[in-house]
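Chain and residue survey
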Amino acid sequence: MDLYAAFTHVPRPSSVEGCPCCVDPAEGCALLRRPPRERSADELSRYAAKVLNTWGGPEDLRYFAPRLLELAAADAFVWPDVEIVFAKFGQAGWTSWGQRDAIAAFFGAFWTRTLESFPSRPSVDTAICALAAAEADIPGYLDEWGRLPSEPSIRQLHEFVVQGLSWQRGHPRLSNAFWDVSSRPYHQVVDWLTGGAAAEAVGAAFARTDDEAALELLCEIDSRLTGPAS
């Protein structure tokens, strides 16, 4: 489903109100002079960082949604980070929007694209953390990753357990500072990595490949899933 087509009938706001101490009213007027699709990352970055806090509300976010998602998924913003932008949609309750199917399809395609390339931009660590910030449950993404259908997906998992997973006094912890450690998705990822599912996926991938480079990566992944490297 085309993201822009799904949002075609979302009305253009008459204004984008902001905290007068933080945002000049002229900035809101400038945002609305051209369609969102014509806006660059530089032009939307300040709004993307402030929306739902000190500048604009859920309906404004819905109007700019396709372009914000497109730019964030391409890692086009210098600021704010992808995790922050995706979190705005979770905060706004996108799953209750009429465009929820289009957004869900977009998130799914974003994740598949991430797994199909290595290295990816944004990184797999950023991608899964951002999706977790936007959604209440993410086992579908983990199931897709667990199939390890290609060398890039194996390399992504290797990078993630090397850079995104740490152990503190024997307890696993995700390293990305944007994780909400109290959230369900955080625990879903940790449980997937260390509760056996990821290890089973690695074992299955090991059994069906004879590529020496992939086998070496899989061995290191397996060792890191069980605790700190010796």
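Below you will find a few notes about this structure. Note that this is a predicted model, so its numbers are computed, not measured.

1. Brief notes about the packing of aromatic side chains
- Applying the stated criterion to the full structure yields 14 aromatic pairs.
- Aromatic pair Trp94 and Phe107: ring centres 5.4 Å apart, planes at 80 degrees, arrangement edge-to-face. Remark: Phe107 occurs in helix H6 (residues 100-115) and Trp94 occurs in the loop between helix H5 (82-92) and H6; sequence separation between them is 13 residues.
- The class for Trp94 is buried, based on a relative accessible area of 5%.
- By relative accessible area, Phe107 is classed as buried at 0%.
- An aromatic cluster of three or more residues is present, and its members are Phe86, Trp94, Phe106, Phe107 and Phe110.
- We note Arg37 situated over the ring of Tyr4; from NZ or CZ to the ring centre the distance is 3.9 Å.

2. Details of a negative patch on the surface
- The grouping of Asp210, Asp211, Glu212 and Glu216 at the surface amounts to a negative patch.
- Assignment of secondary structure puts Glu216 in helix H12 (residues 212-225).

3. As for unusual backbone geometry
- Here the amide bond leading from Trp79 into Pro80 is cis, since omega sits at 5 degrees, within 30 degrees of zero.
- Counting through the fold element by element, Pro80 comes out in the loop between helix H4 (58-73) and H5.
- For the peptide bond that leads from Phe118 to Pro119, omega is -10 degrees, which places it in the cis range.
- Structurally, the position occupied by Pro119 is in the loop between H6 and helix H7 (124-134).
- Unusually for a residue other than glycine, Asp75 sits at a positive phi of about 55 degrees.
- Turning to its location among the elements, Asp75 is positioned in the loop between H4 and H5.
- Classification of Asp75 as partly exposed rests on a relative accessible area of 22%.
- Phi is positive for Arg169, which is not a glycine, with a value near 55 degrees.

About the criteria used
- Residues numbered from 1 in each chain as written.
- Predicted model: local features only at pLDDT ≥ 70, side-chain atom pairs only at ≥ 80, totals over all residues.
- Heavy atoms only, no water.
- Phe/Tyr/Trp six-rings, centres within 6.5 Å; stacked < 30°, edge-to-face > 60°.
- Helix = DSSP H or I, 4+ residues; strand = E, 2+ residues; numbered from the N terminus.
- Buried < 20%, exposed > 50% of the residue type's maximum accessible area, 1.4 Å probe, protein only.
- Lys NZ or Arg CZ within 6 Å of the ring centre and 35° of its normal.
- Patch = residues over 30% accessible without salt bridge, like charges linked within 9 Å, V, L, I, M, F, W, Y side chains within 5 Å.
- Areas by Shrake-Rupley, 256 points an atom, 1.4 Å probe, with all protein chains shown as cover.
- Salt bridge = Lys/Arg side-chain N within 4 Å of Asp/Glu carboxyl O.
- Lys, Arg positive; Asp, Glu negative; His and termini not counted.
- Charge placed at Lys NZ, Arg CZ, Asp CG, Glu CD.

Nothing here speaks to function; it is all geometry.
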